[in-house]
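Analysis of the macromolecular model
Listed here are the chains, written in short residue letters.
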Amino acid sequence: SVLDVKQSGVTEPMDNKLILPEVTNTKLWYTLDSLPWLDDAKHFLHFLAYPNRDIATNTDLVKPGEIQSWQDLLKPQFKGKIIWSDPTVSGSGFNGFATYLLHKVSDENYYRKLVATQDIVLSRDLRQMSEWLARGKYAVAVSVSGGILSQFIDAGANIAHVQVKEGTYLSYDGGNVGIAAKAPHPNAAKVFVNWLLSRAGQDFAQKATKYMSARNDIPTEDVNPENKRIPGERYFVGCNSMEKWVAEEQDKSLALAKKIFAPVSSR
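Residues numbered from 1 in each chain as written. Predicted model: local features only at pLDDT ≥ 70, side-chain atom pairs only at ≥ 80, totals over all residues. Heavy atoms only, no water.

1. Some details on the overall build of the protein chain
As a reminder of what qualifies: Working definition: helices are DSSP H or I runs of at least four residues, strands are E runs of at least two. Numbering for both runs from the N terminus. The quantity called the radius of gyration is restricted to C-alpha atoms. Its globule counterpart is 2.2 Å times the number of residues to the power 0.38. Throughout this description, buried means an accessible area under 20% of the type-specific maximum (1.4 Å probe, protein chains only), exposed means over 50%, and partly exposed covers the range between. Here, two residues are considered to be in contact whenever any of their heavy atoms come within 4.5 Å of each other. Per-residue and other accessible areas were derived by the Shrake-Rupley procedure at a 1.4 Å probe size, with only the shown protein chains allowed to occlude residues. The charge count includes Lys and Arg as positive and Asp and Glu as negative, but it does not include His or the ends of the chains. Taken as the charge centre is NZ of Lys, CZ of Arg, CG of Asp or CD of Glu, depending on the residue.
Within the protein chain one finds ten helices and twelve strands. Whereas a compact globule of 267 residues would reach a radius of gyration of roughly 18 Å, the protein chain reaches 20 Å, a difference of no more than 12%. By principal-axis analysis of the C-alpha atoms, the protein chain measures approximately 60 × 40 × 30 Å. With 267 residues in all, the protein chain has 48% of them scored as buried. The contacts of the protein chain with a sequence gap of at least 6 include a subset with a gap of at least 24, amounting to 72%. Element-wise, carbon and sulfur atoms account for 52% of the exposed surface of the protein chain, whose accessible area totals about 12900 Å². Looking at the protein chain, you have 31 positive and 30 negative side-chain charges, and the mean spots of the two groups are 3 Å apart.

The following block contains the structure:
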């Protein structure tokens, strides 16, 4: 993790390495009042920031507007029709579970009710989950990687991501940068980082990944639709991107997930 890398002394503070005005201008980043640092010591900055919309549906089985809230998954018509990325192990399912608890989007009782009433099924095979959703074996999939689902959507599968009223968390995976301590060519590292975080560098990164840049001045026509931030949508920070939570709360949340989801079958 970022925390482990920093504590090992592999990286050094990066704030004094950022020199381009278009990089240091906080108004050009979605955070507006600050640069999007991952840690208080400013060793790591995240240059991607894309919504992690955890609920996806088979549009042949779920009508538009039928799911507008996490609470809608408790409706009787979804009993036995939900496949969920296993939240009892580190990964997308656990990240969503812990994040929504922390930000009070849901609570323990919500998950216990899902387990008791909805016959949900857990899986650790994200590609298989995507295929099952595409084929209609399940009507709803929760916490499947957006990148994998996008492949099925691009192939013509009737799959849609759901935007819920509670909001969602932003992911930074695959879009973090730091500078190695005692690097043999520190000036070269400084030049590269400033280019990467510039408008030109971020335009390149966004086109390559299809995920939305943390800058707010980059055209988004190349970004997957489900990965775009939407004005007015509520966003919060994912647990796995919070240094203090990773250090102090992660193990407790994992133990809680294992306790709540113990009765659920896996496939």
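Still more to cover.
2. Some details on empty space enclosed by the protein
Heads up, the rule is: Space inside and on the surface of the protein is sampled on a 1 Å grid over the protein atoms alone, with a cavity defined as a set of points where a 1.4 Å probe fits but cannot get out and a pocket as an open set with protein on both sides within 12 Å along at least 5 of 7 lines; lining residues have an atom within 4 Å of a point. Grid points are joined across faces, edges and corners, and a volume is the space filled by probe spheres set on the points. Lys, Arg, Asp and Glu make up the charged group, whereas Ala, Val, Leu, Ile, Met, Phe, Trp, Tyr, Cys and Pro make up the nonpolar group; the residues left over, Gly among them, are polar.
This structure, assessed with the given rule, holds one cavity of 30 Å³ or more. Counted as a void, the largest cavity has a volume near 60 Å³. Lining the largest cavity, in full, are Arg53, Asp54, Ile55, Trp70, Tyr100, Val162, Gln163, Val164, Gly167, Thr168 and Glu233. Of the residues contributing to the lining of the largest cavity, the split by class is five nonpolar, three polar and three charged.

3. Overview of the side chain of histidine 46
Stated formally: In the analysis that follows, any N or O atom pair within 3.5 Å is treated as a polar contact, provided that within protein one partner can donate a hydrogen and the other can accept it, and provided that, for residues neighboring in sequence, both atoms belong to side chains.
Structurally, the position occupied by histidine 46 is in strand β2 (residues 45-46). You can call histidine 46 buried: its relative accessible area is 2%. In this structure the side chain of histidine 46 is engaged in a polar contact, spanning 3.0 Å, whose partner is the backbone oxygen of leucine 48.

4. Re the side chain of asparagine 95
Topologically, asparagine 95 is positioned in helix α3 (residues 92-102). Given the relative accessible area of 16%, asparagine 95 is considered buried. Filtering out sequence-adjacent residues up to four positions away, asparagine 95 remains in contact with Tyr169 and Asn240.

5. Regarding the packing of aromatic side chains
Cut-off, in case you're wondering: Pairing of aromatic rings covers Phe, Tyr and Trp, the last counted by its six-membered ring, and requires centre-to-centre distances within 6.5 Å; plane angles under 30 degrees mean stacked, over 60 mean edge-to-face, and any other angle means tilted.
Enumeration according to the criterion identifies 15 aromatic pairs in this entry. Arranged with centres 6.1 Å apart and planes meeting at 40 degrees, the rings of tryptophan 70 and tryptophan 84 form a pair that is tilted. Taken together, the positions of tryptophan 70 in the loop between β4 (55-58) and β5 (82-85) and tryptophan 84 in strand β5 put the pair 14 residues apart, joining distant regions of the chain. This pair shows no difference in class: tryptophan 70 is buried, exactly as tryptophan 84 is. Centroid distance tryptophan 195 to phenylalanine 204: 6.1 Å. Interplanar angle 50 degrees. Geometry classified as tilted.

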